[in-house]
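Now for the letters of each chain:
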Amino acid sequence: MTALCEIRGLSVAYPGASVPALDGIDLDIRAGERLAVIGESGSGKSTLACALAGLLPDGARVEGGMRWAAGSPPRPGRDLGFVFQDPAASLNPVLTIGEQVGEGARRHLGLSRRQALSLAVEMLEKVRLPDPGKVAKAFPHQLSGGQRQRVAIAAALAAKPGMLIADEATSALDMVVQAEIVALLDDLVRAAGMTLLFITHDIALASGFADRVAIFRKGALVETGPTRTVLAAPAAAYTKTLIASHRDLATPPLIHEAAP
Amino acid sequence: MTLLVAEGLCKRYAAGRGVTALDGVSLHLSPGETLGLAGASGSGKSTLARVLTRLAEPDTGSIRFAGEDWLALSGAPLRRRRARMQMVFQDVLGAFNPRATVASALEDPLRIHAVVPKGERAREVAALLDRVGLPAAYAGRSIREVSGGERQRIAIARAIATHPALIVLDEAVSALDVSVREKILELLVTLQEERGIAYLFVSHDLSVLAAVAHRIAVMEAGRIVETGPTSRVIADPQSPAARALVRAVPRLVIE
């Protein structure tokens, strides 16, 4: 697979911070892959997402850089879709769902208002919202958190970008909804042959569908490789710790005795 | 003896379309026991936590706590009894006065419930910090300058300050990194073993409840649709809601 983006020696420091948010990152993002960026708070994983999307705040000091195969950085909304943790923050409360989902496509693909609305309804159907025509006329506050995240995905994909960045897109959702959204993202990205950068603190969630993983800690890239290889034979001590601290239903409980 | 018995709790929120948040919920909890309350968003589990802690009033139903009619209490007697039923929430920063120091956050319950004489409060604060694994020097820090995991330890210290019989934990570890979360769960289990505290542990994450709960109750649409010993609910879930919760836990795929 060819590299969609070559990241070389990328460092990012925020004004006033004593340590850099990212420190000399070398990483290739390959066209069409599902790459999971895994890290705990303060690992720099969201800073990487912002750097890729050109969304770093003013005043951030950047060294090194990114070389895009296309020759120029992707245009957010057109070449690059973005789904954040909190869909409420990325949706405008006073616009209808249909207007927001169609907005990017209208701007970037030159659609008329009517065409954009019809595309929006089509996208809402793609993200498996029941009664998409009705949802298109609704406002964000009328939907549940899981439904809003589906809307955010529909909006991010409406202009048919080649790459999607999902930054903790399921962490604010309950587990049942999280499982549904992850399955949805996986299906949509596969069907469209898109590149997915899936940013998460949950190594198990990533292990279910990512082709490759990149483990971040305190601004550094600790380890990267095919998901299967890294999970079966982690090279870095930190990766081993992450795997060991994972808890699922097969993990022995912490309580020692039956109910008192 | 049963510590907490709730029967037939109902609550409708009048706003919007008159959503039924609780629809005839009954449960019981023994001293030193952890009941895990599982369910998806909107299932009513947080409303139940708020009703049990008297942050919200049920429309109908009864609650007996430590042998008393818990819903009949009000005013000063209720404030006094609150020492025996404490809470820890997910958003710990929101649960503290942002200008508070660690010491003042821990001194408040000691003062309000007269747990120790005034002259011994500083020593008690140091003992509480030590109990939750934080250095005594943290007393002088601002609540805002400690990490999320440390703040959750302080919230636990504040909860145990008044020697409660029950702590209601509402998504108390959901926002924490996995390594930090494991340490907090271990702390909670140790405190339970030492002090015989009962926990009502609300979470949408069954893997957390599997670690700490003796029994699990699964909520859906304001009702408890399944309840049983933790190992049984996880190995053999009976209701669609419990099966969905079991299926949703991400498994580490190692081939």
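Everything below is about the structure shown above.
This is a predicted model, so every value here is computed, not measured.

Visitor: Please explain the packing of aromatic side chains as it appears in this structure.
Guide: We describe a pair of aromatic rings using the distance from one ring centre to the other and the angle between the two ring planes. Enumeration over the complete set of coordinates arrives at three aromatic pairs over all chains. For Arg141(B), the ring lying beneath its charged end belongs to Tyr138(B), and the centroid distance is 4.2 Å.

Visitor: How should the packing of helix H6 (residues 145–157) of chain A against helix H7 (residues 175–192) of chain A be read in this particular structure?
Guide: Any two packed helices are characterised by how steeply their axes cross, that is the angle between the axes, and by the distance between the axes. Residues and elements named next belong to chain A. Running from N to C, H6 and H7 cross one another at 15°; their axes reach a closest spacing of 10 Å. Comparing the axis directions of H6 and H7 gives the class roughly parallel. Relative to H7, the crossing made by H6 is right-handed. Contacts from Gly-146, Gln-149, Arg-150, Ile-153 and Leu-157 of H6 reach H7 at Val-177, Glu-180, Ile-181, Leu-184, Leu-185 and Leu-188.

Visitor: Can you help me understand the layout of surface pockets in this one?
Guide: Leftover empty space is mapped by rolling, across the atoms, a probe with the size of a water molecule. Residue and element names in this part refer to chain A. Here the second largest pocket defines a volume of roughly 550 Å³. Forming the walls of the second largest pocket are 23 residues, and the residues nearest its centre are Gly-77, Phe-82, Ser-90, Ala-155 and Ala-156. Secondary structure elements with two or more residues in the lining of the second largest pocket: strand E5 (80–83), helix H3 (97–109) and H6. Here the lining of the second largest pocket gets six residues from one element, more than from any other, and that element is H3. Residues belonging to the lining of the second largest pocket are distributed by class as follows: 14 nonpolar, seven polar and two charged.

Visitor: Where do I start with H7(A) in this structure?
Guide: Owing to its 3.6 residues per turn, the α-helix aligns residues three or four sequence positions apart on the same side. Residue and element names in this part refer to chain A. Between its first and last C-alpha atoms H7 spans 26 Å; for 18 residues at 1.5 Å apiece the expected length is 26 Å, and the two agree. The N-cap of H7, judged by a side-chain oxygen 3.0 Å from the amide nitrogen of Val-176 a few residues on, is Asp-174. Directly after H7, the chain includes Gly-193, whose backbone phi takes a positive value near 60°.

Visitor: In this structure, what is going on with the interface of chain B and chain A? I would like to understand it.
Guide: Note on interface size: it is often stated as the accessible area lost on association of the parts. In this complex, chain B contributes 36 residues to the contact, which on the side of chain A involves 32 residues. Carbon and sulfur atoms supply 65% of the area buried between chain B and chain A, which totals about 3100 Å² over both sides. Between chain B and chain A we count one salt bridge in total. Here Glu182(B) and Arg247(A) are joined by a salt bridge, their closest N and O atoms 2.9 Å apart. Between the two partners, chain B and chain A, sit eight residue pairs in polar contact (both at pLDDT 80 or more). Secondary structure elements with two or more residues in the side of chain B that touches chain A: helix H7 (178–195), helix H8 (206–212) and helix H10 (240–248) of chain B. Partitioning the side of chain B that touches chain A into residue classes produces 20 nonpolar, seven polar and nine charged.

Calculation notes
Residues numbered from 1 in each chain as written. Chains lettered and ligands numbered in written order. Predicted model: local features only at pLDDT ≥ 70, side-chain atom pairs only at ≥ 80, totals over all residues. Heavy atoms only, no water. Phe/Tyr/Trp six-rings, centres within 6.5 Å; stacked < 30°, edge-to-face > 60°. Lys NZ or Arg CZ within 6 Å of the ring centre and 35° of its normal. Axes fitted to C-alpha atoms, helices over the stretch in contact; angles between N-to-C directions. Helix = DSSP H or I, 4+ residues; strand = E, 2+ residues; numbered from the N terminus. Parallel < 35°, antiparallel > 145°, perpendicular 65-115°, else oblique. Left-handed = near helix turned anticlockwise from the far one by under 90°. Contact = heavy atoms within 4.5 Å. 1 Å grid on protein atoms, 1.4 Å probe; cavity = no way out; pocket = protein on both sides within 12 Å on 5 of 7 lines; lining within 4 Å. Points joined across faces, edges and corners; volume = space filled by probe spheres on them. Nonpolar A, V, L, I, M, F, W, Y, C, P; charged D, E, K, R; others polar. Expected span 1.5 Å × (residues − 1). Polar contact = N/O pair within 3.5 Å; in protein donor to acceptor, adjacent residues only side chain to side chain. Buried area = accessible area lost by both parts, 1.4 Å probe. Salt bridge = Lys/Arg side-chain N within 4 Å of Asp/Glu carboxyl O.

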